[in-house]
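# Breakdown of the fold
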Amino acid sequence: MNHIGHTGIIDSLLDTDAYKLHMQQAIFHQYPNVEAVAEFHCRSDEDLRPYSQEIQEHIDRLANLSFTQEEIDYLSTLTFFKADFLEYLASFKLDSKQVQIDTSGEQLAITITGKWIDIILWEVPLLAIICEVRCQRCYPESTAEDALGSLKLKLADFYQRAKDENINLDAFSLVDFGSRRRFSRHVHHEVVDYLKDHMPEFKGTSNYHLARTRGLTPVGTQAHEWFQAHQQLAGELADSQQLALNRWLQEYPNSLGIALTDCINMDAFLRDFDLRLSERFVGLRHDSGDPIAWGEKAIAHYQSLGIDPKTKSLVFSDSLTLDKALSIYKHFAHRINISFGIGTQLTCDLPGVKTLNVVLKLTECEGRPVAKISDEPGKSICRDENYLSQLRQAFKVVS
């Protein structure tokens, strides 16, 4: 097994989710001086404080990394990256002084403070570090072979069910979303390599390092933080979602056109997602709430605007398993284009291993609170109840 030893868990700044670099370019062009704060939260009932020193060591190591010329050359082959941003990335480094670890409470607390453009690339490697340090300590005997054993069983069940239920998989599309909560880098790489070689429906990865080194399609657009930040970048709170969508189109008029719908909730999103936006964006991403109800709302929305749903795409990415994905696919296949992003259930599914539910979310922008409400109770992160009330009121959300 790949033990950490004295090497870094992350050895490339490209070992991150694609949407981070996509958002960072938009920030570079539109909001280079905006200040932000992000906070780590562990939703699992497990004390991570004993790992703080080791996590700090890896954070310090991360700050020594920079993008290599080969990596910049690779990004330059993707038409949506601009030369000025790639020139900026060539000298970019993470600043470990922006990361504050606090073990004085009952759980590990981490706060990241600085310019949004500087701190945005911390999230994915930091979560990957926390998960790998914890998994190495808790499950030292677990190996990549264990992960592949689980994967082979799941794939066998997946294909057997498709056969038994006569489900045609011609339009099924799976993407790896497993960077942030993986068991380890080694397990992540082995799982993706296996899927690439053994699953025709496997179409890409959200991880830019794997996309580059494995010749895979990189997948990702924007995250909740894009919408959250605009809550304090718009003149009126109620205008923030439309501003976020329009600013995204300004940066990416002909690419990366999947919009995330659940920063507030699907109903509030669709109220803002008018005919022009519905035509310009190629589709929507689901990340909380009932996936079937959400997909039906999306299809009904397109139909109400006279848009053929078959010209649009839905991406499902909320706590999926292959079995859940197959059920969703069976329901929507051939009514609209659909694809699935699966993370933890691919890259941290080993016998006897309990997965860790950890997140890093934007909590402030320009010194003021931001929040997401989402389509699922309990996913909101905001300590300011007054601000949450303002948000619900602005978007007509019944609490």
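Given the structure is predicted, the values throughout are model-derived calculations rather than measurements.

Taken as a whole, this structure holds 23 aromatic pairs when the rule is applied. When the ring of Phe81 is compared with that of Phe85, the centres are 6.0 Å apart and the planes differ by 20°; the resulting orientation is stacked. The burial state of Phe81 is the same as that of Phe85; both residues are buried.

Moving on: the pattern of salt bridges. Per the counting criterion, the structure on display carries 18 salt bridges. For Asp95, the salt bridge identified is with Lys97, shortest N-O distance 3.9 Å. Two residues, Arg161 and Glu165, come together in a salt bridge whose shortest N-O distance is 2.9 Å. Judged by its relative accessible area of 16%, Arg161 falls in the buried class. On the basis of relative accessibility, which here comes to 32%, the residue Glu165 falls in the partly exposed class.

To continue, consider the side chain of Arg182. Relative to the helices and strands, Arg182 resides in the loop between β4 (174-176) and α8 (185-198). Within polar-contact distance, the side chain of Arg182 engages the side chain of Asp15 at 2.8 Å. If sequence neighbours within four positions are ignored, Arg182 has contacts with Ile9, Ile10, Asp15, Ala128, Cys131, Glu132, His188, Asn207, Thr347 and Cys348.

Do not read the predicted coordinates in detail wherever pLDDT is low. Summarising the model, the protein chain shows a mean pLDDT of 96, and 98% of its residues fall at 70 or more. Here residues 1-6 scores under 50 on pLDDT; set against residues more than four positions off or in separate chains, the count is 16 contacts.

Remark: helix α1 (residues 18-30) packs on helix α11 (residues 240-251), axes separated minimally by 10 Å, with the N-to-C direction vectors making an angle of 90°. Accordingly, the angle class assigned to the pair α1 and α11 is roughly perpendicular. Residues His22, Met23, Gln25, Ala26, His29 and Gln30 of α1 pack against Arg247, Trp248, Gln250 and Glu251 of α11. Here the residues of the contact of α1 with α11 are counted per class, giving three nonpolar, five polar and two charged.

A word on the UniProt feature "domain: Nicotinate phosphoribosyltransferase N-terminal" (unreviewed entry) in the protein chain. This chain's UniProt record puts "domain: Nicotinate phosphoribosyltransferase N-terminal" (unreviewed entry) on residues 14-130. End C-alpha atoms of residues 14-130 are separated by 18 Å, and the span's content is 44% helix alongside 16% strand.

Time to look at helix α3 (residues 69-76). The α-helix winds at 3.6 residues per turn, so residues separated by three or four positions along the chain end up facing the same way. Turning to α3, its buried residues are Glu71, Ile72, Tyr74 and Leu75. With its buried residues spanning 155° around the axis, α3 presents them on a single face. Buried residues along α3 sit against α1, α4 (83-90), α9 (208-214) and β6 (217-218).

What follows concerns the sheet that holds strand β8 (residues 283-286). The seven strands lie next to each other as β6-β5-β4-β10-β9-β8-β7, forming an open sheet whose pairing is parallel. Looking at the sheet topology across the chains shown, the edges are occupied by β6 and β7 (258-260). Pairing of β4 with strand β5 (residues 202-205), which is carried by three bridges, proceeds in the parallel orientation. Across the sheet, the residue bridging to Leu174 is Phe202, located in β5. Strands in contact with helix α15 (residues 322-332) are β4, β9 (313-316) and β10 (337-342); relative to β10, the strand with the most contacts, it is inclined by about 170°.

Two elements in contact, α1 and α4, have axes separated by 10 Å at closest approach and are oriented at 105°. Relative to α4, the element α1 is oriented roughly perpendicular. Across the interface between the two elements, Leu21, Gln24, Gln25, Phe28 and His29 from α1 touch Asp84, Phe85, Tyr88 and Leu89 from α4. For the contact of α1 with α4, the class distribution of residues is five nonpolar, three polar and one charged.

It is worth spelling out the environment of Thr77 at this point. Mapping Thr77 onto the fold places it in the loop between α3 and α4. You can call Thr77 exposed: its relative accessible area is 55%. With 91 residues separating them in the primary sequence, Thr77 and Asn168 have C-alpha atoms 34 Å apart.

In this structure, Phe40, Leu75, Leu89, Trp116, Tyr208 and Leu284 are the most contacted members of the largest nonpolar core, which totals 126 residues. For this core, the leading source of residues is helix α6 (residues 123-138), giving eight residues. Once residues lying within four places of it in the same chain are set aside, the contact partners of Leu75 are Leu14, Leu21, Phe81, Leu86, Leu89 and Tyr208. Counting eleven residues, the second-largest nonpolar core is a separate cluster that includes Leu237, Cys382, Tyr387 and Leu388.

About the thresholds
Residues numbered from 1 in each chain as written. Predicted model: local features only at pLDDT ≥ 70, side-chain atom pairs only at ≥ 80, totals over all residues. Heavy atoms only, no water. Phe/Tyr/Trp six-rings, centres within 6.5 Å; stacked < 30°, edge-to-face > 60°. Buried < 20%, exposed > 50% of the residue type's maximum accessible area, 1.4 Å probe, protein only. Salt bridge = Lys/Arg side-chain N within 4 Å of Asp/Glu carboxyl O. Helix = DSSP H or I, 4+ residues; strand = E, 2+ residues; numbered from the N terminus. Polar contact = N/O pair within 3.5 Å; in protein donor to acceptor, adjacent residues only side chain to side chain. Contact = heavy atoms within 4.5 Å. pLDDT = per-residue confidence, 0-100. Axes fitted to C-alpha atoms, helices over the stretch in contact; angles between N-to-C directions. Parallel < 35°, antiparallel > 145°, perpendicular 65-115°, else oblique. Nonpolar A, V, L, I, M, F, W, Y, C, P; charged D, E, K, R; others polar. UniProt positions renumbered as here; feature names shortened; annotations may be inferred. Arc of directions from axis to C-beta. Pairing = 2+ DSSP bridges. Core = buried A, V, L, I, M, F, W, Y, C linked by side-chain atoms within 4.5 Å.

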